[in-house]
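# Architecture at a glance
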Amino acid sequence: MKTRRILIPILVVVVIAAVAVVVYMRMNPVDTTYEFVVRDAVSKNWIWEATFSLQDRIIRSHFQSDRGPLPQVFTHLKPGEATLEINAPSYVAQSIPVSLKRGENLLETPIELVGYEIPDLTKWIIFEDRVGNDIVQEIRPVSSEGPAVLNHPCLDIWIGARISVQIYDGLPVQEETEEGSERGEELYKGVLDWEWDGLPETTFRYSSFIPGAQIRANSDPYWVIDYLIIVPDPRKISRQEIDQIMEKAWDLPPEAIEPYLEPYKNEGKFTPYVFTSWNVEGASS
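Here the structure is a predicted model, which is why all the values come from computation and not from measurement. (Residues numbered from 1 in each chain as written. Predicted model: local features only at pLDDT ≥ 70, side-chain atom pairs only at ≥ 80, totals over all residues. Heavy atoms only, no water.)

### Considering the pairing of strand β16 (residues 206-210)
Covered by surrounding structure in β16 are Tyr206, Ser208 and Ile210 only, the residues Ser207 and Phe209 on the alternate face being uncovered. Here 5 bridges tie strand β11 (residues 134-143) to β16, and the two strands are oriented antiparallel to one another. Within β16, the position partnered with Ile139 by the bridge is Tyr206. Sheet analysis places strand β15 (residues 194-196) next to β16, joined by 3 bridges and oriented antiparallel. (Buried < 20%, exposed > 50% of the residue type's maximum accessible area, 1.4 Å probe, protein only. Helix = DSSP H or I, 4+ residues; strand = E, 2+ residues; numbered from the N terminus. Pairing = 2+ DSSP bridges.)

### A word on the packing of helix α2 (residues 239-249) against helix α3 (residues 254-266)
Where α2 contacts α3, the two axes come as close as 10 Å, and the packing angle between them is 155°. Between α2 and α3, the interaxial angle falls into the category roughly antiparallel. Between α2 and α3 lies a crossing of right-handed hand. On the side of α2, the interface is formed by Ile245, Met246, Lys248 and Ala249, while α3 contributes Ile257, Tyr260, Leu261 and Tyr264. A per-class count over the contact of α2 with α3 returns 7 nonpolar, no polar and 1 charged. (Axes fitted to C-alpha atoms, helices over the stretch in contact; angles between N-to-C directions. Parallel < 35°, antiparallel > 145°, perpendicular 65-115°, else oblique. Left-handed = near helix turned anticlockwise from the far one by under 90°. Contact = heavy atoms within 4.5 Å. Nonpolar A, V, L, I, M, F, W, Y, C, P; charged D, E, K, R; others polar.)

### Quick notes on the packing of aromatic side chains
Going through the model one piece at a time under the given rule, you end up with 9 aromatic pairs. Their ring planes at 90° and their centres at 5.4 Å tell us that Phe36 and Phe52 sit as a pair that is edge-to-face. Here Phe36 is found in strand β1 (residues 33-36), whereas its partner Phe52 is found in strand β3 (residues 50-54), with 16 residues between them in sequence. With relative accessibility at 0%, the residue Phe36 sits in the buried group. Here Phe52 falls in the buried class, since its relative accessible area comes to 1%. With centroids separated by 5.5 Å and ring planes inclined at 80°, the aromatic side chains of Trp158 and Trp250 adopt a geometry described as edge-to-face. Here Trp158, found in strand β12 (residues 158-168), pairs with Trp250, found in the loop between α2 and α3; they are 92 residues apart in sequence, far enough to count as distant. Accessibility classification places Trp158 together with Trp250 in one group, the buried group. The positively charged end of Arg235 is found above the aromatic ring belonging to Tyr116, 3.8 Å away from the centroid. (Phe/Tyr/Trp six-rings, centres within 6.5 Å; stacked < 30°, edge-to-face > 60°. Lys NZ or Arg CZ within 6 Å of the ring centre and 35° of its normal.)

Shown next as structure tokens:
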């Protein structure tokens, strides 16, 4: 009887405590959330038109901010094992296992998506401008229908440039010419570093420049600049391999470069694009 007298109060206390916990949980629910960041593997910036799904929740992200990628947060999730699905146009999709505990869950390391194409890219157009003695390039990808491609992955492109004196009938041209010009003395040959502009309002995201200090001194009024842009498919080739291939290719005569690159193009490893700017203002213009 003594045992029963002791157990009954204990059971009553346990029941009351259990009821109190249930009431507390209902009145003070703990939401299960998952926070993470997704960014472009090359630019480390936001990704256009990405879709994230976890359990029965979906987040669609277009532009994010002018200060890089923003954290994404799923709410009202169920604790337990789940899979985060990440998709974006022209990026390699990812499926990431997630173990959710009750309350806040945070993925501390950003998820990086690899872009593999600039959609519907047909050609590049490059515009030059003078900044002191430097020549600055605005590099525009163009689609098959004509308009520039505005939002696309940041591919790790390779850019080479050659500057030559623009000549006509064997002499440096003295005014802009539409036809018949040729290349004369070579003034510059090099590989260009490029920059990526992630601001949402930016129209053309790639830019580069040729340092004036690296251009051979010349007083002729017009130059011609030949560009070679290599656009890789990172699913099939690494940047290191591209650098090795282009180191050999760039030493070849200009007319031999494209035939040398043709096998790699046929294998789908990268696509070479050639663009020439005539009538570029020379040093004395």
